[in-house]
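# Descriptive analysis of the structure
Here's the letter readout for the chains.
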Amino acid sequence: MSNKGNTFKNLSSTSSKRAPRTTGNVSYNKKKRFNSFEHINFSEGQRKALKILGIFLLFASFVMAVSFVSYLFTWKQDQSYITETNGGWSTLFRSMDEMTDETSELPVIENKLGKLGALLANQFIYEWFGIASFLFTFLLFVVGYKFLYRKSLLPVWKTIIYSATAIIYISVTLGFLQDFLTDSPHILEGKFGYWTNQLLKIQIGSTGIAALLVFAYLAILILIYNLDLKWTWSSKKTEDDKEEENEDNFEAFTNNLNPVSNVSRNVVSSPPVVDEEQEPLTDDFVSQTSTTLHVSGENSQDNQREITFTVDTPVVMDESIPKENPSSLDSPVLSVEKVVEEKAITANDLVAEFGEYDPKLDLSGYQYPTLDLLKEYGNGKITINQQELEANKNRIVETLRNYNIEIEHIKATIGPTVTLYEIIPKPGVRISKIKNLEDDIALSLAALGIRIIAPMPGKGTIGIEVPNSSPEMVSMRSVLATEKFQKTDMDLPIALGKTISNEVYIADLAKMPHLLVAGATGQGKSVGINAILTSLLYKKHPAELKFVMVDPKKVELSLFKTIERHFLAKLPNEDEAIITDTKKVINTLNSLCIEMDQRYDLLKNAAVRNLKEYNVKFVNRRLNPEEGHRFLPYIVLVVDEFADLMMTAGKEVETPIARLAQLARAVGIHLVIATQRPSVNIITGTIKANFPARLAFRVLSKVDSRTILDAGGADQLIGRGDMLLATGSDLTRIQCAFVDTPEVEKISEFIGSQRGYPSAFMLPEYVDENGEGSGGMEFDSSDRDQLFEDAARLIVMHQQGSTSLIQRKLKLGYNRAGRIIDQLEAAGIVGPFEGSKAREVLYPDEYSLEQYLETLRNND
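Residues numbered from 1 in each chain as written. Predicted model: local features only at pLDDT ≥ 70, side-chain atom pairs only at ≥ 80, totals over all residues. Heavy atoms only, no water.

### Thoughts on the nonpolar core
Soluble globular proteins tend to pack their nonpolar side chains together in the buried interior. Put simply, the rule is: Residues belong to a common nonpolar core when they are buried Ala, Val, Leu, Ile, Met, Phe, Trp, Tyr or Cys residues joined through side-chain atoms within 4.5 Å. Burial classification: accessible surface area is computed with a 1.4 Å probe over protein chains only, and a residue below 20% of its type maximum counts as buried, one above 50% as exposed, and the rest as partly exposed. Elements are defined by DSSP. Helices are runs of H or I of four residues or more, strands are runs of E of two residues or more, and each kind is numbered from the N terminus. Contacts are residue-level and defined by heavy atoms, with any inter-residue pair within 4.5 Å sufficient.
Membership of the largest hydrophobic core comes to 113 residues, with the highest contact counts inside it found for Leu515, Phe547, Leu637 and Phe642. Ranked by residue count, the leading element in this core is helix α17 (residues 582-606), at nine residues. Ignoring anything within four residues of it in the chain, the contact list for leucine 637 reads Val548, Val550, Leu589, Leu592, Ile657, Leu660, His670, Leu671 and Val672. Listed in part, the 22 residues of the second largest apolar core include Val796, Ile806, Leu824 and Ala827.

### Let's talk about the pattern of salt bridges
Between side chains of opposite charge, a pair can form as their charged atoms come close. Our working rule: Salt bridge, as used here, is a side-chain nitrogen of Lys or Arg placed within 4 Å of a carboxyl oxygen of Asp or Glu.
Scanning all chains against the criterion turns up 33 salt bridges. Arginine 401 is the salt-bridge partner of glutamate 406, the closest N and O atoms lying 3.7 Å from each other. A relative accessible area of 32% means that glutamate 406 is categorised as partly exposed.

### Quick look at the packing of helix α24 (residues 788-798) against helix α25 (residues 803-810)
Our working definition: Lines are fitted to the C-alpha atoms to define the axes, a helix being fitted only along its stretch in contact, and any angle between axes, read from their N-to-C directions, falls within 0 to 180 degrees. Rotating anticlockwise by less than a right angle from the far helix to the near helix defines a left-handed crossing, while the corresponding clockwise rotation defines a right-handed one. Three residue categories are used. Nonpolar comprises Ala, Val, Leu, Ile, Met, Phe, Trp, Tyr, Cys and Pro, charged comprises Asp, Glu, Lys and Arg, and polar comprises the others, including Gly.
At a minimum axis distance of 10 Å, the contact between α24 and α25 shows a crossing angle of 115°. Helix-helix and strand crossings are classified by hand; for α24 and α25 the assignment is right-handed. In contact with Ala791, Leu794, Ile795 and His798 of α24, α25 contributes Leu805, Ile806, Lys809 and Leu810. Within the contact of α24 with α25, the residues separate by chemical class into six nonpolar, one polar and one charged.

### Brief notes about the packing of aromatic side chains
For any pair of aromatic rings, the description consists of the separation of the ring centres together with the inter-plane angle of the planes. Using the following cut-off: The criterion for an aromatic pair is that two Phe, Tyr or Trp rings (for Trp, the six-membered ring) have centres within 6.5 Å, with stacked assigned to planes under 30 degrees apart, edge-to-face to planes over 60 apart and tilted to the rest. By definition, being over a ring means that NZ of Lys or CZ of Arg is both within 6 Å of the ring centre and within 35 degrees of the ring normal.
Counting across every chain of the model gives 15 aromatic pairs. For the pair tyrosine 366 and phenylalanine 567, a centre-to-centre distance of 6.3 Å together with 70° between the ring planes defines the contact as edge-to-face. Residue tyrosine 366 is found in the loop between α9 (347-354) and α10 (386-402), and its partner phenylalanine 567 is found in helix α16 (residues 564-567); the two are separated by 201 residues along the sequence. A residue is classified by how much of its surface remains accessible, and tyrosine 366, at 9% relative accessible area, is buried. A residue is classified by how much of its surface remains accessible, and phenylalanine 567, at 0% relative accessible area, is buried. In this structure an aromatic cluster arises from ring pairing among Phe68, Phe124, Trp128, Phe129, Phe134, Phe136 and Phe192. The ring of phenylalanine 485 carries the charged tip of lysine 539 above its face, separated from the ring centre by 5.3 Å.

### Comments concerning the sheet that holds strand β15 (residues 669-675)
Put simply, the test is: Criterion used throughout: strands pair if DSSP finds at least two bridges between them.
Sheet architecture is open: nine strands sit in the order β10-β9-β18-β17-β16-β11-β15-β14-β12, paired in mixed fashion. Each end of this open sheet is capped by a strand with a single partner; those strands are β10 (504-508) and β12 (545-550). With direction set aside, neighbouring strand axes in the sheet form an average angle of 30°. The strands that helix α22 (residues 702-709) touches are β11 (515-518), β16 (693-696), β17 (722-727) and β18 (730-736); relative to β16, the one it contacts most, it runs at about 155°.

### Quick word on the confidence of the model for the protein
Note the cut-off: Confidence of the prediction at every residue is given by pLDDT, a number between 0 and 100.
This prediction gives the protein a mean pLDDT of 77; 75% of its residues lie at or above 70. Between residues 1-36, whose pLDDT stays under 50, and residues either more than four places distant or in other chains, the model counts 100 contacts. Confidence over residues 229-329 falls short of pLDDT 50; this stretch has 162 contacts with residues more than four positions distant or in other chains.

### Thoughts on unusual backbone geometry
Between methionine 512 and proline 513 the backbone carries a cis peptide bond, its omega angle lying at -5°. Its location among the elements puts proline 513 in the loop between β10 and β11. Even without glycine at this site, asparagine 404 takes up a positive phi of about 60°. Topologically, asparagine 404 is positioned in the loop between α10 and β5 (407-414). Relative accessible area serves as the criterion here: at 65%, asparagine 404 is assigned to the exposed category. Positive phi values are uncommon outside glycine, yet lysine 554 reaches one of about 70°. Inspection of the secondary structure assignment puts lysine 554 in the loop between β12 and α16.

### Some details on the environment of arginine 609
The residue arginine 609 is located in the loop between α17 and α18 (611-619) in this model. Between the C-alpha atom of arginine 609 and that of alanine 666, which follows or precedes it by 57 residues, the distance is 7.0 Å. Sequence-distant contacts of arginine 609, defined by excluding residues within four places in its chain, comprise Leu603 and Ala666.

The following block contains the structure:
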């Protein structure tokens, strides 16, 4: 018997009814291949360079195509020009006048691309490869498209190889046929095809060239299309021929298992299972009439391919049955299952195919507000009054001399509303002595708001701030138009105004991370809030930022209600996005705490530490939306009159505010709280400890100044937007940028007139201990979404209660899908929110769901 028969016979078992399967594993290392550059992580600069290169290649492809096509019709005139000038490419940058001096008359170039097109087409078509050169335009277009869009029209490397082969083959073939057609110049084959044929004709003759071309043609068909040439015999094959063929097939099969040269074969066969009480059976009792070899494969993590053989041995025959001659047995039938290798899709693959996730895509046509909406107050330049400066200097020096204080040097820095005089006293003068003269200097200067800074931080001087007699108004337009604001890379930039050195002051709310604003009535506090909101509206897209506005006075923030569908967030089932009712404020603050906790769960599952890292991961498609991940916008809570909330709600407001101030920074929730009464019962120690950034307008007493700033100075401000910003231990005096009510209305109308989201950004529903909350968890049939029943059937069919599922299947936005999920929860179809997990589906099948939906319809 052949070796094949012996191999299978050794795999047989000794079971009485059915022989067990014997499996063998063949493993080999699979070589990693470089498949284009689409899986390489390029830097931002490299991606831009590739795009520029792609544009250049596409442009070159267009130029070559136009010049080549034109050359087919104008080659005689172009050829005459090149022949008579006898200069080739050297004439490209020479004028016609220069060449006319050398030759009396030149032929006219009729190529559509002029001299460049004529020279380019002549070089490729006449001098090189003939009309096969058109493949160069195709090749440049494919490669350029790949570089520009990172998408392949055709496999790049195959296209390059096939095109190069086709260019050479077509040129040589046309050169061979040219002898039989005409004796015209080398337009069809080019000089390459012509001289290649002349050389081959000398060596092997025309017949040899024809045979060589036919051989090359067949070889190319076999390599590219795997052409199979089969011959059949009319004679019947003998049994020996069949057995020999089967052996060849088996060897071919085993050879096909080794597609690479460095194959390591480790065949491990499990020993047959033998019943210890039963006598081993000999080969005579084994029927070999049917043997099947199954091959299956899968990819392992170490990039090795495992192929498992399963040989089913036949049924054991009874002793009474006569033994068949092994030579008369049919050869085993080979059944091979195709090995399918599935490549795992990575985040880089998704980015290469679809690009980075763009959160702005829903409102891709959104236009940022223009500076034309803002007014320019004054000329924006500081007017220097030399007489006033000299008079103030003399009064300061004279007042100090009256108390035996001599100074060595004095310098003035002029700001929009305040001038800073820096003095250097003579050695031996105590600083505290000068600081105690604050009221005396104010008396001598007859000015309000004198503030002495002794010593100046980081300087060896003492500062005396004196208000200007004619203060300049700082307009919001002059601040936002500066390059400093336009090119800032801050996450949440707020332009507060100008310092006493006339520099634009821009702070990052994301790094503050919360801001406490205080000031007496009429001192510019509301204008400061509007300046903060205007800065953010001019810099951020609606997909990146949401506001939660609380306005107990009901009139200060009402100007922003027109941007509800763009920038505002609110509770479900609420009509107004700007909250004025104290009870709703409590629910909103607790809802923000829920949002904060949910965001922390998402950050934990994404293995990141803050919102910025999370969004970068999501944009790069490294987070799966089906697991609850989504792009998270910044949320800014603005409370205009905090004192009223503390008086009416007290601890119910203080507790969530303290929680948000302590924890919400990392998840992108920031607080801006304003109050008129910065007393200790309003701004408690718990709140103050979590607001390191504090903005103080003019207050009425030193006690209030110390309450808000932990230092004096706010009581010495002059009002009308004059403010002190405390960031840590430093105090910065700033003149707040002025934005008037009509300007805010124009900005709001400009944004509100554009296409927005279907509704405001929905915050999570909150239910208090009494069962009351933002949504009340009551199922209101009149407020039911039109796709409520479709979403219910979808959820029950997939047994997965997730917002992302409704988004994808019903093609809805996140806010509407979240609202439907809340309605399904209120209706008792899905369970409550469980962090990053999908909600529990409370109906096991569609039949029970339809019964429940029918009940709801009848109740309506």
